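# Fold and contact review
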Amino acid sequence: MAPIVSVSNLVKTYASGFQALKDVSLDIEEGEILALLGPNGAGKTTLISIICGIVNPSSGTVLVGGHDVVKDFRATRSMIGLVPQELTTDQFETVWNTVSFSRGLHGKKPNPAHIEKVLKDLSLFDKKDNMLRELSGGMKRRVLIAKALSHEPRVLFLDEPTAGVDVNLRKDMWKVVEKLRETGVTIILTTHYIEEAEEIADRVGVINGGKILLIEQKKDLMKKLGRKQLRIDLQEPLPAIPETLSSYDLKIEDDGHSLIYDYDTSGERTGITTLLTALAEAGIRLKDISTRQSSLEDIFVELVGARA
Amino acid sequence: MNLEAVKSIYFFEMARTRRTLLQSVVSPVISTSLYFIVFGAAVGSRIQEIDGVSYGAFITPGLIMLTLLTQCIGNGSFGIYFPKFTGTVYELLSSPVSMTEIVLGYVGAAATKGMMIGLIILATAWMFVDLSIAHPFVMLLFFVLTAVTFSLFGFIIGIWAKDFEQLNLIPMLVIPPLVFLGGSFYSVNMLPPFWQAVSHFNPVLYLISGFRWSFFEIADVNPVVSFAIIIAFLAVLMGLLTWIFKTGYRLRN
């Protein structure tokens, strides 16, 4: 199946000379949830802005549903809903009007039933006649999501949707995202909260310095880059790592009460058996052993750190 | 053509007019009434007729033009500047609307609002002075053309402006002198020859003169020339707008 969004060799250089995107290529499959991770200024928002039509690309092409976003902008933008990072709202409008306005802008005939449903899904319906300036930040965020969903998009972009959002809203939002995914909507989100990407995404892309460093299925990524950590708690503290164990890349923690051993789960040999044997031979008595899987965050930090 | 979008923008803008009724309708009516009281009744009673028209009636077309120009520029510029200022412009730019549709919505609403207020001023004028319109269709033509042209001018200012200072620069600093020196309150024929010649470089003179001709058949310049000048200005603005759309100037960096 052809990808719903296809980005090829995208370059964006701003008038200031700053190159926000350097030759980015990326395919997004229909119905998937893609999380884009990257530090501030990595190019996430520029990439989304170009796909949505807010920023003109310097070179390269973007296809959405097979249509070029510049030449055939009507077709592409009709398919896309965008929730921007900034809380930008018409302060003096009511919730109902601003959401209906978005639907109209996208060329859709008024459909109060749909607007009502969107507002109810986002627990906004009782606020429908409130002016936006009367709403809290979290409520405004919901309104922006409602606006993006007002025209029934096939692709939804959520640019840092949970920045400054409380736990309840975050949960509500992921419920909505889950529901949308069931109806086949493709969702692209950028986030700082790596655990979110870990929890919700099918695929994870890491972007930094205007380049896509990696884009993979989340489980493959976890497997591939996934490292595990073996923690060995000792009966008696060790002042230093004994000579006999120097070939293992061990770290000492808790004033010598624990030894930490990093190993790669995908490796042929993890080295655990020989390490434990060596420990026994050195006469070191163990109190406890535990292992920890590295999180996406560790992977991310490692990746961005290594290539920065 | 995304008609739903044009309609949405248009009614969205018109709704703002309703919300700010006091500021957008009542205040221009009050200020124009003051002009009629001061110039028409107080000062005007001591001024003889100009070209056979009472002074109060003579200044009416100029006052309507003054309101129409400031209102249309103000509405046209604010309508597009405000979303830029608040950031909601993201939605406009990511919607399946062409720039033509954006212009139709914003400029249409700005012109409508300007004309509504212009007509209210005309009605107000009727309370103070005896008015007759010799050529209603020509009057309407000048009225609509001016409203559209200057709303478009405002729209371009709104796109160009980077802050409120720039936004207000032209409507507050450029338009009033042009209107006042464009023969709103006098016939340029009353000026010494040198200043008459200078006045002819003022584009607003042509608007007011043509508009006044449609009321009283008196004019400082030939109404056909007035018409041509508006059309020329409109054409320049259209050219500028086409360039703005092509380059994404100050909208799609």
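These notes cover the structure that comes with them. Every value quoted in this text rests on a predicted model; they were computed, and no experiment measured them. (Residues numbered from 1 in each chain as written. Chains lettered and ligands numbered in written order. Predicted model: local features only at pLDDT ≥ 70, side-chain atom pairs only at ≥ 80, totals over all residues. Heavy atoms only, no water.)

## Section: the packing of helix 6 (residues 136-160) of chain B against helix 9 (residues 203-216) of chain B
Residue and element names in this part refer to chain B. Condition: Only the stretch in contact is used when a helix axis is fitted, and all axes are lines through C-alpha atoms; the angle between N-to-C directions ranges over 0 to 180 degrees. Each helix corresponds to a stretch of at least 4 residues labelled H or I by DSSP, and each strand to a stretch of at least 2 residues labelled E; elements are numbered beginning at the N terminus. Angles below 35 degrees are treated as roughly parallel, those above 145 as roughly antiparallel, those between 65 and 115 as roughly perpendicular, and all remaining angles as oblique. In this scheme the handedness of a crossing depends on how the near helix is turned from the far one: anticlockwise by less than a right angle means left-handed, clockwise means right-handed. Note on contacts: a residue pair qualifies if any of its non-hydrogen atoms lie within 4.5 Å across the two residues. Classification used: nonpolar for Ala, Val, Leu, Ile, Met, Phe, Trp, Tyr, Cys and Pro, charged for Asp, Glu, Lys and Arg, polar for all others including Gly.
Contact geometry of helix 6 with helix 9 gives a least axis separation of 8 Å together with a crossing angle of 155°. Judged by the angle between their axes, helix 6 and helix 9 are roughly antiparallel. Here the hand of the crossing between helix 6 and helix 9 comes out left-handed. Across from Val138, Met139, Phe142, Phe143, Thr146 and Phe150 in helix 6, the residues of helix 9 making contact are Leu207, Gly210, Phe211, Trp213, Ser214 and Phe215. Of the residues assigned to the contact of helix 6 with helix 9, the class counts are 9 nonpolar, 3 polar and no charged.

## Section: the nonpolar core
This is how it is decided: Take the buried residues of types Ala, Val, Leu, Ile, Met, Phe, Trp, Tyr and Cys, join any two whose side-chain atoms come within 4.5 Å, and each joined set is a nonpolar core. Exposed residues in this analysis have more than 50% of their type's maximum accessible area, buried residues have under 20%, and partly exposed residues fall in between, with area computed by a 1.4 Å probe over protein chains only.
Counting residues in hydrophobic clusters, the biggest one holds 144 residues, and the most contacted among them are Val7, Leu47, Ile51, Leu156, Phe157 and Ile187 of chain A together with Phe155 of chain B. Broken down by element, the residue count for this core peaks at 13 residues, all from helix 3 (residues 55-86) of chain B. What Leu47 of chain A contacts, discounting residues up to four positions off in sequence, is Val7, Leu10, Leu21, Val24, Leu26, Leu36 and Ile207 of chain A. Formed by 15 residues, the second largest nonpolar core is a distinct cluster that contains Ile232, Leu250, Leu259 and Leu275 of chain A.

## Brief notes about the sheet that holds strand 8 (residues 186-191) of chain A
All names here are of chain A. Going by this rule: Any two strands between which DSSP finds at least two bridges are classified as paired.
If you trace the 6 strands from one edge of the open sheet to the other, you get 6-7-8-3-9-10, paired in mixed fashion. Pairing within the sheet leaves two strands with one partner each, and these edge strands are strand 6 (80-83) and strand 10 (211-217). Strand-to-strand twist of the sheet, defined as the mean angle between neighbouring strand axes without regard to direction, takes the value 15°. Here 5 bridges tie strand 3 (residues 33-37) to strand 8, and the two strands are oriented parallel to one another. Bridge pairing in strand 8 links Leu34 to Ile188. Strand contacts of helix 1 (residues 44-52): strand 3, strand 6, strand 7 (155-159), strand 8 and strand 9 (203-208), with the helix running at about 150° to strand 7, the strand carrying the most contacts. On the sheet, helix 6 (residues 167-182) packs against strand 3, strand 7 and strand 8 and is oriented at approximately 150° with respect to strand 8.

## Re helix 2 (residues 21-43) of chain B
It helps to recall that an α-helix has 3.6 residues per turn; residues three or four apart then point in one direction. Residue and element names in this part refer to chain B. Under the convention used in this document: A helix's residues, less one, multiplied by 1.5 Å, set its expected span.
Compared with the 33 Å implied by 1.5 Å per residue over 23 residues, the 31 Å span of helix 2 between its first and last C-alpha is a close match. Taken as a whole, helix 2 has its buried residues at Ser24, Val25, Pro28, Val29, Thr32, Ser33, Phe36 and Gly40. Where the residues of helix 2 are buried, they touch helix 1 (3-19), helix 3 and helix 5 (99-128).

## Considerations on the pairing of strand 1 (residues 5-13) of chain A
Each regular strand displays side chains that alternate between the two surfaces of the sheet. Residue and element names in this part refer to chain A. Across 5 bridges, strand 1 lies against strand 4 (residues 59-64) in antiparallel orientation. Each residue of the ladder has a partner; that of Val11, found in strand 4, is Ser59. As paired elements, strand 1 and strand 2 (residues 19-28) share 6 bridges and run antiparallel to each other. Within strand 2, the residue paired with Val5 across the bridge is Ile28. Hairpin connection of strand 1 to strand 2: 5 residues between the antiparallel strands, including Gly17 at a positive phi of 100°.

## Observations regarding the environment of Tyr249 of chain B
Residue and element names in this part refer to chain B. Counting through the fold element by element, Tyr249 comes out in the segment after helix 10 (223-247). Each C-alpha atom, one on Tyr249 and one on Trp160, is 8.1 Å from the other, the two residues being 89 residues apart in sequence. When sequence neighbours within four positions are dropped, the list of residues in contact with Tyr249 reads Ile159, Trp160, Trp243 and Ile244.

## Focus on the packing of aromatic side chains
The relation between two aromatic rings is expressed through the spacing of the ring centres and the mutual angle of the planes. What counts is decided by this rule: Only centres within 6.5 Å qualify two rings of Phe, Tyr or Trp (six-membered ring in Trp) as a pair; their planes then separate them into stacked at under 30 degrees, edge-to-face at over 60, and tilted for everything else.
Applying the stated criterion across every chain yields a total of 21 aromatic pairs over all chains. Ring geometry for Phe101 of chain A and Phe12 of chain B: centres 4.0 Å apart, planes at 25°, overall stacked. Of the two residues, Phe101 of chain A is situated in helix 3 (residues 95-105) and Phe12 of chain B in helix 1; the pairing between them involves two chains. Accessibility assignment for this pair places Phe101 of chain A and Phe12 of chain B in one class, buried. When the centroid spacing of 5.4 Å and the interplanar angle of 50° are considered together, the rings of Phe150 of chain B and Phe233 of chain B count as tilted. Of this pair, Phe150 of chain B sits in helix 6 while Phe233 of chain B sits in helix 10, and the two are 83 residues apart along the sequence. A relative accessible area of 27% means that Phe233 of chain B is categorised as partly exposed. Among the aromatic residues, those joined into a cluster by ring pairs are Phe143, Phe211, Phe215 and Phe216 of chain B.

## Description of unusual backbone geometry
Residues and elements named next belong to chain A. Non-glycine residue Glu160 carries a positive phi angle of around 50°. Among the secondary structure elements, Glu160 is positioned in the loop between strand 7 and helix 6. Of note in this structure, Asp255 is not a glycine but carries a positive phi near 55°. Assignment of secondary structure puts Asp255 in the loop between strand 12 (250-253) and strand 13 (258-264). What makes Asp255 exposed here is its relative accessible area of 74%.

## With respect to the interface of chain B and chain A
What counts, and what does not: When two parts are put together, the accessible area they lose, computed with a 1.4 Å probe and summed over both, is reported as buried area. By definition, a salt bridge exists where a carboxyl oxygen of Asp or Glu is found within 4 Å of a side-chain nitrogen of Lys or Arg.
Taken together, the contact between chain B and chain A spans 26 residues of the former and 29 residues of the latter. Where chain B abuts chain A, roughly 2,500 Å² becomes buried across the two surfaces, and 55% of that area is made up of carbon and sulfur atoms. Of all residues in chain B, the largest losses of buried area upon contact with chain A belong to Phe12, Tyr90 and Pro96 of chain B, amounting jointly to 27% of the total for that side. Seen at the junction of chain B and chain A, the total is 4 salt bridges. Between Glu4 of chain B and Lys109 of chain A there is a salt bridge, with its nearest N and O atoms 3.0 Å apart.

## A look at helix 6 of chain A
With 16 residues, helix 6 of chain A should reach 22 Å at 1.5 Å per residue; the first-to-last C-alpha distance of 23 Å fits that figure. Its buried side turned inward, helix 6 of chain A meets strand 3, helix 4 (112-121), helix 5 (137-149), strand 7, strand 8 and helix 7 (194-200) of chain A.

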